[in-house]
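Residues per chain are reported as follows:
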Amino acid sequence: MEKEVVLSGIRPTGFLHLGNYFGAMRNYVRMQDDYNCYFFVANWHSLTTHPDTKELKNSVHRVIAENIACGLDPEKVALYIQSDVPEIAELYLYLNMLAYKGELEKTVTFKDKVRQQPDNVNAGLLTYPVLQAADILIHRAVKVPVGKDQEQHLEMARNFAERFNYRYGEVLPLPYAFNYDSELVRIMSLDGTGKMSKSENQMATLYLADDEDTIRKKIMKAKTDQGPETPGSAKPDYIQNLFTLMGLVSTPDTVKKFEDDFNASSAGNCIIRYGDMKKQLAEDMARFIRPIREKAADIQHNKELLSRIILQGADKARASASATLQLVREAVGMN
Ligand code: ATP
Ligand code: MG
């Protein structure tokens with residue numbers, strides 16, 4: 001039986017962080033044997049919010065290198081750069097004729113961006129969900145590993161595909177959100193405000209490129225408090241986040257020790273020592289990130305290897321994309 005097609009993308013808007021790893025890349029790695037996977041670096045998408053392209057090429061290369069360092073195998077998956085596949089842009093053009101101004105203006109992410117960058121409300125922002133639909137539909141992908149914030153975009157992709165199929169004939173299968181775990185991990189920033197992010201709050205975000213010293217400094221500065229009021233009380237978000245991180249990189253025994261200390265603590269009798277906990281977490285985190293950072297740096301500096309990988313990804317992606325585009329052109333009458 002043919003493997004189902006999985007597709008996901010990541011914008012090259014900055015350094016990849018632990019949230020990207022545990023919320024996205026770790027799952028991609030688990031999918032690469034079970035599905036026919038397409039993973040891409042969304043450099044066209046980044047132009048909607050990051051028009052300055054001085055650092056773009058570097059960022060694209062780093063994202064590719066970091067994805068491989070995290071365990072993606074370019075022999076198994078198609079790992080490619082969006083702009084290397086011009087077929088996507090042509091499908092985007094056809095889909096734009098089936099997308100309506102009213103529905104695009106109502107998209108939550110568009111409304112957010114209008115607030116965030118009122119001086120640059122470009123048409124690319126408005127049609128972001130259309131380009132995203134083209135990214136998915138060009139490979140006739142049916143499974144899209146994304147978080148809840150992307151549900152609305154996926155629903156739009158299904159709408160555009162349905163309209164296309166209704167008008168021109170059944171060509172495009174409908175894509176749905178898909179993950180192995182029902183709840184994706186969400187990593188908060190270390191100061192307890194919002195989530196770790198590529199482009200915001202960099203001192204409270206742990207990057208896969210951070211060295212040991214930086215990791216230690218950031219974790220030791222993480223927000224904590226005086227300890228729980230009563231034994232067994234609920235953890236505040238920022239404390240829970242430290243336990244979540246520990247659960248991801250430390251041994252079960254270590255986590256249990258600090259859990260027990262937390263549960264036995266109360267006002268005036270604080271057993272848990274957050275300083276010790278952070279020191280342990282910093283050490284385990286540094287050990288976890290080191291091989292990823294080193295492997296990513298090696299790949300990034302090996303220009304020959306990197307360009308071979310990028311070409312290989314582009315070839316795989318274009319083979320699939322041009323097959324779909326041929327069907328699309330025939331259906332529309334552009335052949
Ligand atoms: P930006 O600040 O440019 O939006 P980002 O850090 O939010 O960058 P995205 O490119 O928007 O990263 O997302 C890439 C993938 O990483 C998505 O699947 C997203 O759900 C996931 N992701 C991003 N941040 C986190 C986080 N803090 N915890 C868990 N998953 C995350
Ligand atoms: Mg984001």
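These numbers come from a predicted model, not from an experiment.

Let's shift gears to the overall build of the protein. For the protein, the helix and strand inventory stands at 14 helices and five strands. Expected size for 335 residues packed as a compact globule is a radius of gyration near 20 Å; at 22 Å, the protein falls within 12% of this value. Taking the principal axes of its C-alpha atoms as reference, the protein extends roughly 75 × 45 × 45 Å. Here the analysis covers contacts within the protein between residues at least 6 apart in sequence; of these, 77% occur between residues at least 24 apart.

Right, let's get into the site of ligand 1. If you check the shell around ligand 1, you find 16 residues, and the closest are T13, H17, K195, K198 and S199. A distance of 3.0 Å separates a nitrogen atom of ligand 1 from a polar atom in the backbone of G19. Between ligand 1 and the protein, one listed contact pairs a nitrogen atom with a backbone N or O atom of I187 at 2.8 Å. Here ligand 1 has 600 Å² of accessible area as a free molecule, and 82% of this is covered by the chains. Residue composition of the shell around ligand 1, by class: five nonpolar, seven polar and four charged.

Those residues carrying the UniProt feature "binding site: L-tryptophan" (unreviewed entry) are D135 in this numbering. Looking at the secondary structure, you find D135 in helix α8 (residues 128–137). Once you skip the residues sitting within four places of it in the chain, D135 turns out to touch L7, F40, H45, Q82 and I88.

This part takes up the state of the cysteines. For the structure on display, the rule yields zero disulfides. C37 supplies the cysteine sulfur nearest to C70, a cysteine that is in no disulfide, at a spacing of 15 Å. Judged by relative accessible area, C70 falls into the buried class, the value being 9%.

This paragraph deals with the side chain of D210. Topologically, D210 is positioned in the loop between β5 (176–177) and α10 (212–220). At 3.0 Å, the side chain of D210 forms a polar contact with the backbone nitrogen of Y207. Within the structure, the side chain of D210 is placed 2.8 Å from the side chain of K218, a separation counted as a polar contact. Dropping the residues within four chain positions of it, D210 is found in contact with T205, I215, K218, I289 and R293.

In this section: the pairing of strand β2 (residues 36–41). Of all six residues that make up β2, five are buried, and the element is covered over most of its length. Across six bridges, the pairing between strand β1 (residues 5–10) and β2 is parallel. For I10, the partnering residue across the bridge sits in β2 and is V41. On the question of chirality, the crossover connecting β1 to the parallel β2 by way of helix α1 (residues 18–31) is right-handed. One ladder, built from four bridges, connects β2 with strand β3 (residues 78–81); its direction is parallel. Along β3, the bridge assignment pairs Y38 with A78.

Turning next to the packing of helix α11 (residues 237–249) against helix α13 (residues 274–301). Two elements in contact, α11 and α13, have axes separated by 10 Å at closest approach and are oriented at 40°. In this view, α11 runs oblique relative to α13, as classed from their interaxial angle. In this structure, the crossing between α11 and α13 has a hand that is left-handed. Across the interface between the two elements, I239, L242, F243, L245, M246 and V249 from α11 touch Y274, M277, K278, Q280, L281, D284, M285 and F288 from α13.

Now for helix α4 (residues 87–96). Within the sequence span of α4, burial applies to E87, I88, L91, Y94 and L95. Take α4 and look down its axis: the buried residues cluster within an arc of 120°, on one side only. Tucked into the core, α4 has its buried residues touching α2 (43–46), α8, α9 (151–168) and α14 (303–332).

Ranked by internal contacts, the top residues of the largest apolar core, which has 60 residues, are L18, I64, L190 and M285. For I64, the contacting residues outside a window of four places in its chain are V41, L79, I81, L306, I309 and I310. Within the second largest apolar cluster, 41 residues are counted, among which are L98, F110, V171 and L172.

To continue, consider the pattern of salt bridges. As enumerated under the stated definition, the model contains 20 salt bridges in all. Between K76 and D33 there is a salt bridge whose closest N-O contact spans 3.0 Å. Highlighted residues: K76 in the loop between α3 (56–69) and β3 and D33 in the loop between α1 and β2, separated in sequence by 43 residues. We classify K76 as partly exposed; its relative accessible area is 43%. D213 is the partner of K217 in a salt bridge, and the nearest nitrogen-oxygen pair spans 3.6 Å.

What follows concerns the environment of G19. Structurally, G19 is set in helix α1. Take G19: its relative accessible area is 16%, and that puts it in the buried class. Linking G19 and E212, residues 193 residues apart in sequence, is a C-alpha distance of 18 Å. Among residues more than four places away in sequence, those in contact with G19 are A24 and I187.

Cut-offs and rules
Residues numbered from 1 in each chain as written. Chains lettered and ligands numbered in written order. Predicted model: local features only at pLDDT ≥ 70, side-chain atom pairs only at ≥ 80, totals over all residues. Heavy atoms only, no water. Helix = DSSP H or I, 4+ residues; strand = E, 2+ residues; numbered from the N terminus. Rg over C-alpha atoms; globule rule 2.2 N^0.38 Å. Contact = heavy atoms within 4.5 Å. Near = heavy atom within 4 Å. Polar contact = N/O pair within 3.5 Å; in protein donor to acceptor, adjacent residues only side chain to side chain. Areas by Shrake-Rupley, 256 points an atom, 1.4 Å probe, with all protein chains shown as cover. Nonpolar A, V, L, I, M, F, W, Y, C, P; charged D, E, K, R; others polar. UniProt positions renumbered as here; feature names shortened; annotations may be inferred. Disulfide = S-S within 2.5 Å. Buried < 20%, exposed > 50% of the residue type's maximum accessible area, 1.4 Å probe, protein only. Pairing = 2+ DSSP bridges. Right-handed = clockwise from strand over helix to strand, strands pointing away. Axes fitted to C-alpha atoms, helices over the stretch in contact; angles between N-to-C directions. Parallel < 35°, antiparallel > 145°, perpendicular 65-115°, else oblique. Left-handed = near helix turned anticlockwise from the far one by under 90°. Arc of directions from axis to C-beta. Core = buried A, V, L, I, M, F, W, Y, C linked by side-chain atoms within 4.5 Å. Salt bridge = Lys/Arg side-chain N within 4 Å of Asp/Glu carboxyl O.

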